[in-house]
Amino acid sequence: MGVMDLLKKTPINVSRRGFLAGAGSLVLATSLPSRPVRGQEAEAGPDVPAFLELRADGTAHLMSPWIEGGQGVYTAMAQIVGEELDLAPENFSVEIAPPGGPFGVMGGFRITGGSASTRSSYTLMRRLGASARAMLIEAAAQELGVEASELTTEPGQVVHSASGRKIGYGALAEAAMDMPVPADVALRDPADFRYIRSGTPRIDVRDKSTGKAQYSIDVEVEGMLLAAVRHAPRLGMAPSAVTNQSDIEAMRGVHSVHMLDGAVAVVADKFWQARKAIDAAEIEWTEGDAKWPMPADFSSRGFRDTLAGFTGDVVSVESEGDAAGTLDAAETVIEATYDAPYVVHGQLEPPSATARMNEDGSLDLWLPNQAPEQFVGRAAEAAGIDPSQVKLHSQMLGGFFGRHFLYETANPFPQAIALAQATGRPVKLIWTREEDFLRDAPRPLGLARFRAAVGPEGPTALSIEAVGEGPTGRWYGAPAGKDPSATEGLSGKPYAIANKAIGQVYTDNPAVIGYWRAVGHSMHDFMYESFLDELAEAAGLDPFEMRLSLLSGSERHHTLLQTVGTLSGGWKAGTYEAEDGSTRARGVAMASPFGSEAATIAEVSIDGGEVKVHNIWTAIDPGQIVNPAVIEAQVQSATALGVSQTLAEELIYENGEPTARNFDLYSILRPDQMPEVHVEIVESGAEMGGVGEPGLPAVGPAIVNAVAALTGQRIRSLPLSKHSFG
């Protein structure tokens, strides 16, 4: 049984009398089967009020399986459930569901990532709302003494049209509590959608705007201490001594000094007391133990050269026709090597965790995360207790981009647990931006080798070797050739190239690598789409028209490319003079990330030796949509990050250490560099795709292709800031 099959299971009524006796609420869970996940036993059924609670005042409270981090998932869930329940999204309150129970909607677990949240629970949430509506109608039928078939609903109330009588949902909630959950429910015809497909305002904006929203860094626990930490400058080193420890311990507010695995922490009454003390600590470091120690001579430049020269086995990922034979027989063969650097997450909120060991041996843990069930298991290991003794309080994310997955050495919660155990007090540990940079799990440095045969109508054969390791292989054991994060954006492209051979050449990455927004697509689409422009140039073809030709067999992609051309006012080849007198050029690229399709055109000029991006036009086809306003906002933000990584971002390692410890030495997009962004949403009716990440991957290659059209320089290594444009 697959994940999508699990999501079609029937909801069940959780008897509210077991939880809030006399509250008069209808509570629905789902009958999704649970299976054991790491560090956690399967449960026979839900032991918490689950998913949807319809309250006596007519409002609804929804427990979201997905964690809100600015992507608008709370609003989407309210729209989807509200559509079938017939209740306006503004009447919903939404909070993060606890780990386990019925909330593991991906088959016993869940992750907020991969642009999967809305699309993977769309049907389940619709059925949840439809089941509640059907139960309310049954309750109203008994109350009014009529057949349920005579009743309908309008927002927030059941209506008997024949008599004009209406009963609000709140008045029916208690009676509906005892109604059987229907075995099957009819879902609304999309033509009748009221909330789905509407630009419903975000329901979390007010709390964020007024400071009411709480993040991990805001957590307050009675009697807690605050902690700051300093990590070893190179992963694999350990503290041997704090030579001025007595002086540190005598500083105002300091409670204690602790030697941790690869770090030293100071615990104090206030964070700034702890921060001041740890900054003053004189620490001696020595070689220690670590699962992934960084070699003392490691450099990102050297590792790039290692990847370029590495000749291991090529594990096939995608194969069609006879690429090798066609290449051997071809008159024109183009070869190129592309690479993209390590990049940090740089989310707005620095990592933090609050841990409290209770008298009964249990643990309460407050932290940001994208995979609650996984964090429960690892927290239990760190505390030396059973997973059933861990109560995880997942917090709203202050930005994430893949930062809050379970990466060894990159999460502060094991340290917070150790400090709480050592002090006997609740401890909130905050990593400064410097410590976050030092122990982040960056996107891996990536490299791919390309060879292609070119004829008068374009490419006839294509060979690609992705060299390196992906985060899915690192953290989930995906073998070479089966790790999409190592090859996505190189494989699965829609272009009709008759002969192709795409594979992975695996070699370890010495750094602790992680997922980044759009994962492998974030760099591989830059490589592929840029090389495709090289092939167009070699064939003497316009890159836009060549793509259209290669997509003639795919109506969806062909239409999308034409749409972005129209959105931009019509494709323009070569250089041209803009109204401000600047000389500009355009580039085009496409991407197929996370079930959605995107096409992008970028317009650039050169200003003072720097690339200036004036406009980005993106047409996105997520198949089906829930909230167009959220989609546009996601494309806007993805574009900003795509432009940032293309123009400026690079984490450099020297002597096994990152050279940047804050944004003073790690460049990101400046406000004056942000282009105008134009978005058009195409709803093709294909299976629903993601929207949080698909707007990013095509941005980089569109910019690089525009730069090549403008300057004649073909850039094969990001970021552009390390190249000169005279």
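Here the structure is shown first, and the text comes after it.
Read on for a plain summary of the structure.

**Some words on the overall build of the chain**
Consideration 1: Along the backbone of the chain there are 19 helices and 29 strands.
Consideration 2: A globule of 726 residues ought to have a C-alpha radius of gyration of about 27 Å, and the chain, at 28 Å, matches this closely.
Consideration 3: Along the three orthogonal principal directions, the C-alpha set of the chain runs to about 80 × 75 × 50 Å.
Consideration 4: When burial is assessed residue by residue, the chain has 59% of its 726 residues classed as buried.
Consideration 5: Long-range contacts, defined here as pairs at least 24 residues apart, represent 76% of the contacts in the chain between residues at least 6 apart.
Consideration 6: Averaged over its 57 positive side-chain charges, the chain has a centre that lies 3 Å from the centre of its 92 negative ones.

**Side note on the sheet that holds strand β11 (residues 254–260)**
Consideration 1: If you walk across this open sheet you meet the seven strands as β11-β12-β9-β19-β16-β17-β18, and the pairing is mixed. Every other strand in the sheet has two partners, leaving β11 and β18 (390–394) as the edge strands with one partner each. Geometrically, the sheet is characterised by an average inter-axis angle of 20° between neighbouring strands, direction not taken into account.
Consideration 2: Pairing of strand β9 (residues 225–231) with strand β19 (residues 427–430) involves three bridges; the strand directions are parallel. Of the residues in β19, the one forming a bridge with L226 is K428.
Consideration 3: Lying on the sheet, helix α7 (residues 271–280) is in contact with β9, β11, β12 (263–268) and β19; it crosses β9 at an angle near 25°.
Consideration 4: Lying on the sheet, helix α11 (residues 413–423) is in contact with β9, β11, β12, β16 (352–357), β17 (363–367) and β19; it crosses β11 at an angle near 125°.

**So, the packing of helix α15 (residues 521–539) against helix α16 (residues 543–550)**
Consideration 1: Running from N to C, α15 and α16 cross one another at 100°; their axes reach a closest spacing of 9 Å. Taken together, the axes of α15 and α16 lie roughly perpendicular to each other. For the pair α15 and α16, contact is made by E529, L532, D533 and A536 and by P543, M546, R547 and L550, respectively.
Consideration 2: Tallied by class, residues from the contact of α15 with α16 come to five nonpolar, no polar and three charged.

**So, the side chain of E435**
Consideration 1: The topology assignment puts E435 in helix α12 (residues 433–439).
Consideration 2: Residue class for E435 comes out buried when judged on its relative accessible area of 5%.
Consideration 3: Of the polar contacts made by the side chain of E435, one reaches the side chain of H231; its length is 2.8 Å.
Consideration 4: When near neighbours in sequence (up to four residues on either side) are disregarded, E435 contacts V229, R230, H231 and R661.

**What about the packing of helix α10 (residues 372–383) against α11?**
Consideration 1: At a closest axis distance of 9 Å, the pairing of α10 and α11 adopts a crossing angle of 40°. For the element pair α10 and α11, the recorded crossing hand is right-handed. Across the interface between the two elements, F375, R378, A379, A382 and A383 from α10 touch F413, P414, I417 and Q421 from α11.
Consideration 2: Across the contact of α10 with α11, the residue classes break down as seven nonpolar, one polar and one charged.

**Topic: α10**
Consideration 1: The end-to-end C-alpha distance of α10, which contains twelve residues, comes to 16 Å, matching closely the 16 Å that a straight helix rising 1.5 Å per residue would cover.
Consideration 2: Within α10, nine of the twelve residues are buried, leaving the element largely enclosed by the surrounding structure.
Consideration 3: Where α10 is buried, its residues contact β17, β18, α11 and α13 (471–476).

**Overview of helix α3 (residues 117–144)**
Consideration 1: In this model, α3 (28 residues) spans 39 Å end to end at C-alpha, consistent with the 40 Å of a helix rising 1.5 Å per residue.
Consideration 2: For α3, the principal kink sits at T123 and spans about 45°.
Consideration 3: A large share of α3 lies buried, amounting to 21 of its 28 residues.

**Digging into the pattern of salt bridges**
Consideration 1: Enumeration over the complete set of coordinates arrives at 38 salt bridges.
Consideration 2: Here R234 ties to E287 by a salt bridge, and the two come within 2.4 Å at their closest N and O atoms. A residue pair is termed long-range when its members are at least 10 positions apart, and R234 in the loop between β9 and β10 (237–242) and E287 in strand β13 (residues 283–287) qualify at 53 residues.
Consideration 3: Since its relative accessible area comes to 9%, R234 is described here as buried.
Consideration 4: Take E287: its relative accessible area is 54%, and that puts it in the exposed class.
Consideration 5: Between R304 and D339 there is a salt bridge, with its nearest N and O atoms 3.0 Å apart. Here R304, found in helix α8 (residues 300–309), pairs with D339, found in strand β15 (residues 333–340); they are 35 residues apart in sequence, far enough to count as distant.

**Considerations on the pairing of β9**
Consideration 1: Of all seven residues making up β9, six are buried, and the element is well covered by its neighbours.
Consideration 2: Where β9 lies against β12, six bridges are found, and the strand directions are antiparallel. Across the sheet, residue L226 finds its bridge partner in β12, namely A268.

**What to know about the packing of aromatic side chains**
Consideration 1: All told, the structure shown has 18 aromatic pairs when counted by the stated rule.
Consideration 2: Both rings, one in Y338 and one in F526, keep their centres 5.6 Å apart while their planes meet at 80°; by these two values the pair is edge-to-face. A residue pair is termed long-range when its members are at least 10 positions apart, and Y338 in strand β15 and F526 in helix α15 qualify at 188 residues. Here the two residues Y338 and F526 agree in accessibility, since each one is buried.
Consideration 3: Judged by centre distance (5.4 Å) and plane angle (45°), the ring pair of F375 and F413 falls under tilted. In this pair, F375 is assigned in helix α10 and F413 in helix α11, connecting sequence segments 38 residues apart.
Consideration 4: The buried category is assigned to F413, whose relative accessible area is 2%.
Consideration 5: The ring centre of Y576 lies 4.6 Å from the NZ or CZ of K572, which sits over that ring.

**Focus: the nonpolar core**
Side chains of nonpolar character tend, in soluble globular proteins, to be buried together.
Consideration 1: Grouped together as the largest cluster of nonpolar side chains are 64 residues, with contacts concentrated most on I703 and L720.
Consideration 2: No other element matches α15, which puts nine residues into this core.
Consideration 3: Sequence-distant contacts of I703, defined by excluding residues within four places in its chain, comprise A602, V604, V611, V613, I616, V643, T646 and L720.
Consideration 4: Counting residues in each nonpolar core, the second largest holds 55 residues, with A78, L144, Y215 and M688 among its members.

**Concerning the sheet that holds strand β6 (residues 151–154)**
Consideration 1: Sheet architecture is open: three strands sit in the order β6-β7-β8, paired in antiparallel fashion. With one partner strand each, in any of the chains shown, β6 and β8 (165–168) form the two edges of the open sheet. Adjacent strand axes in the sheet meet at a mean angle of 30°, parallel and antiparallel pairs treated alike.
Consideration 2: With respect to the sheet, α3 is in contact with β6, β7 (157–160) and β8, its orientation differing from that of β6 by roughly 125°.
Consideration 3: Those strands touched by helix α4 (residues 169–176) are β6, β7 and β8, and its axis lies near 70° from that of β8.

What counts as what
Residues numbered from 1 in each chain as written. Predicted model: local features only at pLDDT ≥ 70, side-chain atom pairs only at ≥ 80, totals over all residues. Heavy atoms only, no water. Helix = DSSP H or I, 4+ residues; strand = E, 2+ residues; numbered from the N terminus. Rg over C-alpha atoms; globule rule 2.2 N^0.38 Å. Buried < 20%, exposed > 50% of the residue type's maximum accessible area, 1.4 Å probe, protein only. Contact = heavy atoms within 4.5 Å. Lys, Arg positive; Asp, Glu negative; His and termini not counted. Charge placed at Lys NZ, Arg CZ, Asp CG, Glu CD. Pairing = 2+ DSSP bridges. Axes fitted to C-alpha atoms, helices over the stretch in contact; angles between N-to-C directions. Parallel < 35°, antiparallel > 145°, perpendicular 65-115°, else oblique. Nonpolar A, V, L, I, M, F, W, Y, C, P; charged D, E, K, R; others polar. Polar contact = N/O pair within 3.5 Å; in protein donor to acceptor, adjacent residues only side chain to side chain. Left-handed = near helix turned anticlockwise from the far one by under 90°. Expected span 1.5 Å × (residues − 1). Bend = angle between axes of the 7 residues up to and from the residue. Salt bridge = Lys/Arg side-chain N within 4 Å of Asp/Glu carboxyl O. Phe/Tyr/Trp six-rings, centres within 6.5 Å; stacked < 30°, edge-to-face > 60°. Lys NZ or Arg CZ within 6 Å of the ring centre and 35° of its normal. Core = buried A, V, L, I, M, F, W, Y, C linked by side-chain atoms within 4.5 Å.

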